[in-house]
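Next come the chains, spelled out residue by residue.
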Amino acid sequence: MFETMIEVESKVFIENPAEIRRRAKTIGRYTGIELKVDDYYTIDNLRQYPRESIRVRKVNGFYITNFKKRLSYEDGVHAKDEIEHKVDNLEGFLNLMKDFGFKQWLRKEKKCEIYQIKHNFHVELNRVKGLGWFVEVEYMVRRKSQIKSARKQVVKVMKELGFKERDAIKSGYTKMLWEKKNK
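First, a word on what this report is: a plain description of the structure on this page. Positions within a chain are numbered from 1, following the residues in the order the chain's sequence is written. Reporting in this predicted model follows two pLDDT cut-offs: at least 70 for local features of residues, and 80 or more for side-chain atom pairs to be given and counted; totals over whole chains, interfaces and linings ignore these cut-offs and use all residues. Side-chain metrics rest on all non-hydrogen atoms present in the structure, leaving aside hydrogens and water.

1. A few points about unusual backbone geometry
- One non-glycine residue, Asp75, adopts positive backbone phi at about 55°.
- Looking at the element boundaries, Asp75 is found in the loop between strand E4 (62–74) and strand E5 (77–87).
- The partly exposed category is assigned to Asp75, whose relative accessible area is 43%.
- In this model, Asn120 sits at a positive phi of 65°, which is unusual for a non-glycine residue.
- Within the fold, Asn120 resides in the loop between strand E6 (103–118) and strand E7 (121–128). The numbering of helices and of strands both runs from the N terminus, where a helix is a DSSP run of H or I of at least 4 residues and a strand a run of E of at least 2. Each residue is placed in one exposure class: buried if its accessible area under a 1.4 Å probe, protein chains only, is under 20% of its type's maximum, exposed if it is over 50%, and partly exposed if it falls in between.

2. Section: helix H3 (residues 147–160)
- For H3, built from 14 residues, the straight-helix expectation of 20 Å at 1.5 Å per residue is met to within 8% by its first-to-last C-alpha distance of 20 Å.
- Buried within H3 we find Ile147, Ala150, Arg151, Val154, Val157 and Met158. Buried residues of H3 fall within an arc of 125° about the axis and therefore sit on the same side. Counted as exposed and oriented over 90 degrees from the buried face of H3: Lys148, Lys152, Lys156 and Lys159. One less than the residue count of a helix, multiplied by 1.5 Å, gives the span that helix is expected to have. Here the arc refers to the set of directions running from the helix axis out to each C-beta atom.

Listed below in structure tokens is the structure:
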């Protein structure tokens, strides 16, 4: 089953997770901690940062593939088309990707504390292995017509957490990890 959503999100590097944790508890309901281990595959030249890649994440005993396509970046907030698909046979899927020329190029591990604001809208306090602490505000919507409203709500929550637009990080975790690895 394929699921297509639009991810509207902003992220900020933080040094004091305790303070952000306190603020996040006033905005959303704490729902727990998740460990997300992601492997990324691409057909691009591995000597430069890939333009496109597929993520494979293990979730509750099965695997989810994910592909994101950038739509826009405004007011410190990204909007990306996101396509996900559940994979029951990981070995077969990875063999198929290998046959098409995909190679693994990066692994990302993050421990996420999640604070649910409402359905498909949450704050994550993330410790990304090799990078440090970040806060993300993410709103998942179904239609492009919802991006503007979602972006406003993400900006509002970022302000409630104490951040300004200039604090937002435009680069994704994979780009930051790749740059750190290839210095």
